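Examination of the molecular architecture
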Amino acid sequence: LKALVSIKRVIDYTVKVRVRPDKLGVIKDNVKHSCNPFDEIAVEQAVRMKEKKLVGEIVAVSIGGPKSVEVLRGSALALGVDRAIHVKLPSDNDDVESLAVAKILHKIAEKEKPDVILTGKQAIDDDSCAVPQMLAGLLGWSQATFISELEVAGKTAKICRETDAGMQRLEVSLPSVISCDLRLNEPRYAKLPEIMKAKKKPLQEITADSLGVSTQPKIQILEVADPPTRAAGRKVKTVEELITKLKTEAKVI
Amino acid sequence: GINAEYMGVGRARFTSYATLPQEYKAIRDMSRQFAEQELFPIAAEVDVQHKFPAEAVKKLGELGLMGVAVSQEYGGAGMDYLAYAIAMEEISRGCASTGVIMSVNNSLYSTPVDKYATHEQKLQFLTPFASGKQLGCFGLTEPGNGSDAGAANTTARLDGNEWVLNGTKSWITNAHEADVAIVFATTDKSLKHKGISAFLVPTKTPGFSLGNKEDKLGIRGSSTANLIMENCRIPKDYLLGKPGYGFKIAMSTLDAGRIGIAGQALGIAQASLDIAAKYSLERKAFGNTIAKLYAIQLKLSQMASKLEAARLLTWKAAIAKDRGDDFTQAAAMAKLNASEAATFCAHQAIQILGGMGYVSDMPAERYYRDARITEIYEGTSEIQHLVIANNLLKDYGSTNVKVPAAPHSAKARATD
């Protein structure tokens with residue numbers, strides 16, 4: 001089987017994100033970035049499948065500015081991915097909307113012909129949680145999202161999804177788009193010799209234009225603002241008082 | 001090594017983490033993640049129980065961190081000393097005991113074997129060690145001579161096809177876990193330091209025994225003990241390098257070791273700064289966080305400045321070594337400044353934390369105890385000053401540096 005893994009360079013989860021002065025985005029300059037944690041889980045899963053000989057070749061793809069090369073080398077090639085494709089955007093500050101990402105990945109999938117496409121369930125910067133689903137739709141493939149378990153056997157895969165209603169066990173036929181959730185696996189550390197080998201692995205640079213996909217936004221951002229600061233919690237003395245406050249003050253029931 | 005690629009390119013990039021090439025960032029990220037996830041949780045236990053962090057050391061080996069600068073041909077990671085220094089800092093930030101265990105195996109054991117051993121010796125004495133499967137140690141110091149390394153009392157006598165070693169080495173890190181010790185012994189005391197040779201001594205050799213573990217102030221997870229040799233017989237070809245070259249091997253090895261220890265000290269210093277800065281942003285006094293007080297800001301500024309200066313000196317020494325340049329002076333400056341930065345930062349961290357810095361609920365007291373040894377081992381600060389001054393005076397003695405003429409010349413006084 002051939003695996004295509006899609007990864008994204010995002011602001012590191014430890015950073016306290018701040019709104020840009022023009023209020024049209026967040027400050028990204030001189031801010032620590034790293035591979036989207038859920039995408040690291042997807043890479044780890046692909047590598048484990050390769051170690052079990054379920055997968056023969058792993059190709060990683062990332063859509064982003066020049067510095068996305070760092071996550072392709074450091075978080076994909078250095079962990080066992082065979083080669084990488086960088087869909088290069090002009091600047092590290094450029095954003096691409098979910099549908100455009102899905103279309104780009106669609107074009108790449110048409111060329112690479114993978115049997116599984118693995119990616120994180122969502123990117124921790126915009127939390128769109130839309131690309132895997134859109135991609136499956138464009139490809140006409142099955143989709144397995146928010147997975148915490150994955151067992152590939154020939155032409156099908158047994159998966160377990162974590163949903164708000166509980167765990168859902170499904171069987172999907174390959175090829176499939178799979179999005180990975182937190183408890184699927186624990187990513188390994190990159191070994192030093194692998195970090196060195198990653199420098200020599202093939203990394204191809206292309207543009208969205210060359211795939212015939214437009215990255216022109218269809219959504220205009222009007223304003224980005226901090227969420228309201230959390231007010232202190234309040235203690236109540238009785239259940240009745242709680243219900244009253246939930247009705248009249250919080251207005252949630 | 002990887003640094004070779006950047007020889008012609010602007011090395012001005014090598015002054016901050018943000019401007020380092022990608023693979024150094026990757027090493028830093030990986031070691032940092034390892035320290036936060038694997039070492040933060042165990043460091044206190046390692047210290048309190050004087051417990052060798054066996055599982056962490058095993059993982060370090062699997063990740064290639066026990067032989068960072070050894071070529072992949074001999075089981076190492078095939079990287080360079082800059083990568084090693086960066087990794088040392090991150091690992092030591094998590095646990096200084098783990099850091100010194102890593103440093104001794106890398107710099108004091110693997111580096112001299114890599115540099116001076118024959119190919120056959122490397123297969124036996126380097127490959128399993130650089131890959132972390134076995135552990136090495138470095139036996140130079142003796143009860144009668146520490147700084148005075150040329151006055152070795154341990155003897156080696158050639159008897160047929162074997163060397164017979166007699167003597168005691170003291171203060172040896174990794175003594176209790178090492179599979180092989182590099183032992184410096186004299187074959188002819190009359191030749192003084194030119195009579196010293198280096199020997200590869202498997203610790204299971206009959207006649208080789210260990211003293212009790214020292215009860216140390218800090219870095220308690222690493223074992224420190226005497227190596228005792230009583231008619232300890234090793235094969236003739238366990239001589240490392242040429243006969244009489246022992247002192248040279250020891251000195252060049254210590255130069256490299258100083259970069260590793262500088263890295264360890266930087267890690268302790270950074271950990272101290274981290275905890276002090278974060279605490280100052282939370283702790284309130286006089287109606288505001290103590291971070292608003294100049295007294296605290298002054299301390300933090302001094303800590304950060306000394307740390308940053310020491311880091312740049314360390315990277316400079318590592319880059320010089322990787323380039324093949326003479327790096328003795330740079331390494332001595334790095335070790336001297338990094339160790340003093342560590343003790344300063346750890347001291348001030350306790351001061352900023354106040355009472356909380358004095359109790360084991362916070363790691364500041366451990367950093368204070370761990371930091372102290374960095375000014376002593378692998379060359380005391382006094383020895384570093386000696387090395388630096390000697391090199392400096394040699395330079396001044398061999399060049400004619402112009403200085404301004406005396407100010408009370410008639411010319412300066414003339415008013416017409």
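Refer to the preceding data block for the structure.
This part takes up the interface of chain B and chain A. Quite often, the size of an interface is put as the accessible area lost when its parts meet. Contacts between chain B and chain A engage 24 residues on the former and 13 residues on the latter. In total, about 1600 Å² of surface goes out of reach between chain B and chain A, with carbon and sulfur atoms giving 63% of it. Viewed at the interface, chain A and chain B are joined by 2 salt bridges. Where K25(B) meets E70(A), a salt bridge forms, and the shortest distance between an N and an O atom there is 3.0 Å. Summed over the shared surface of chain B and chain A, the result is 5 residue pairs in polar contact (both at pLDDT 80 or more). For the side of chain B that touches chain A, the elements supplying multiple residues, two or more each, are α1 (22–39) and α3 (54–63) of chain B. Among the elements that line the side of chain B that touches chain A, the one with the most residues is α1(B), at 11 residues. Considering only residue class, the side of chain B that touches chain A consists of 11 nonpolar, 7 polar and 6 charged.

Another point: the packing of helix α8 (residues 246–282) of chain B against helix α12 (residues 364–372) of chain B. All names here are of chain B. Running from amino to carboxyl end, α8 crosses α12 at an angle of 160°, the nearest separation of the two axes being 10 Å. By the angle between their axes, α8 is roughly antiparallel relative to α12. The crossing of α8 and α12 is left-handed. Each of I268, A271, S272 and I275 in α8 lies in contact with α12, whose residues at this interface are Y367, D370 and A371.

This part is about the sheet that holds strand β8 (residues 156–163) of chain A. Residues and elements named next belong to chain A. Ordered by their spatial adjacency, 9 strands build an open sheet running β9-β8-β7-β10-β6-β1-β4-β5-β11, and the pairing between neighbours is mixed. Since the sheet does not close on itself, it has two edges, and those belong to β9 (166–173) and β11 (203–206), each with one partner. The average undirected angle you get between the axes of adjacent strands in this sheet is 30°. Pairing geometry for β8 and β9, over 8 bridges, is antiparallel. For A157, the partnering residue across the bridge sits in β9 and is V172. Sheet contacts for helix α1 (residues 37–51): β1 (2–7), β4 (57–64), β6 (116–120), β7 (142–153) and β10 (176–180); angle to β6, the most-contacted strand, approximately 145°. On top of the sheet, helix α4 (residues 131–139) reaches β6, β7 and β10; it is set at about 75° to β7, its chief contact.

Residues and elements named next belong to chain B. With respect to the secondary-structure elements, S280 resides in helix α8. For S280, a relative accessible area of 1% translates into the label buried. Beyond its immediate stretch of four places on either side in the chain, S280 contacts T289, I290, A291, I296, L300 and I352.

For the rest of this paragraph, the subject is the packing of aromatic side chains. Residues and elements named next belong to chain B. Across all of its chains, the model carries 7 aromatic pairs over all chains by this definition. Aromatic pair Y17 and W315: ring centres 5.1 Å apart, planes at 75°, arrangement edge-to-face. Taken together, the positions of Y17 in the segment before α1 and W315 in helix α9 (residues 294–323) put the pair 298 residues apart, joining distant regions of the chain. Judged by relative accessible area, Y17 falls into the buried class, the value being 16%. Across the ring face of F344, the terminal group of K306 is positioned such that the distance to the ring centre comes to 4.6 Å. Over the ring of Y81 we find K321; its NZ or CZ atom is 4.4 Å from the centre of that ring.

Right, let's get into the environment of D22(A). Residues and elements named next belong to chain A. As for its placement among the helices and strands, D22 is situated in the loop between β2 (9–11) and β3 (33–35). Given a relative accessible area of 44%, D22 falls into the partly exposed group. For the pair D22 and T163, spaced 141 residues apart in the sequence, the C-alpha separation amounts to 37 Å. Within the local environment of D22, its side chain forms a polar contact with the side chain of R20, the two groups lying 3.0 Å apart.

Parameters and conventions
- Residues numbered from 1 in each chain as written.
- Chains lettered and ligands numbered in written order.
- Predicted model: local features only at pLDDT ≥ 70, side-chain atom pairs only at ≥ 80, totals over all residues.
- Heavy atoms only, no water.
- Contact = heavy atoms within 4.5 Å.
- Buried area = accessible area lost by both parts, 1.4 Å probe.
- Salt bridge = Lys/Arg side-chain N within 4 Å of Asp/Glu carboxyl O.
- Polar contact = N/O pair within 3.5 Å; in protein donor to acceptor, adjacent residues only side chain to side chain.
- Helix = DSSP H or I, 4+ residues; strand = E, 2+ residues; numbered from the N terminus.
- Nonpolar A, V, L, I, M, F, W, Y, C, P; charged D, E, K, R; others polar.
- Axes fitted to C-alpha atoms, helices over the stretch in contact; angles between N-to-C directions.
- Parallel < 35°, antiparallel > 145°, perpendicular 65-115°, else oblique.
- Left-handed = near helix turned anticlockwise from the far one by under 90°.
- Pairing = 2+ DSSP bridges.
- Buried < 20%, exposed > 50% of the residue type's maximum accessible area, 1.4 Å probe, protein only.
- Phe/Tyr/Trp six-rings, centres within 6.5 Å; stacked < 30°, edge-to-face > 60°.
- Lys NZ or Arg CZ within 6 Å of the ring centre and 35° of its normal.

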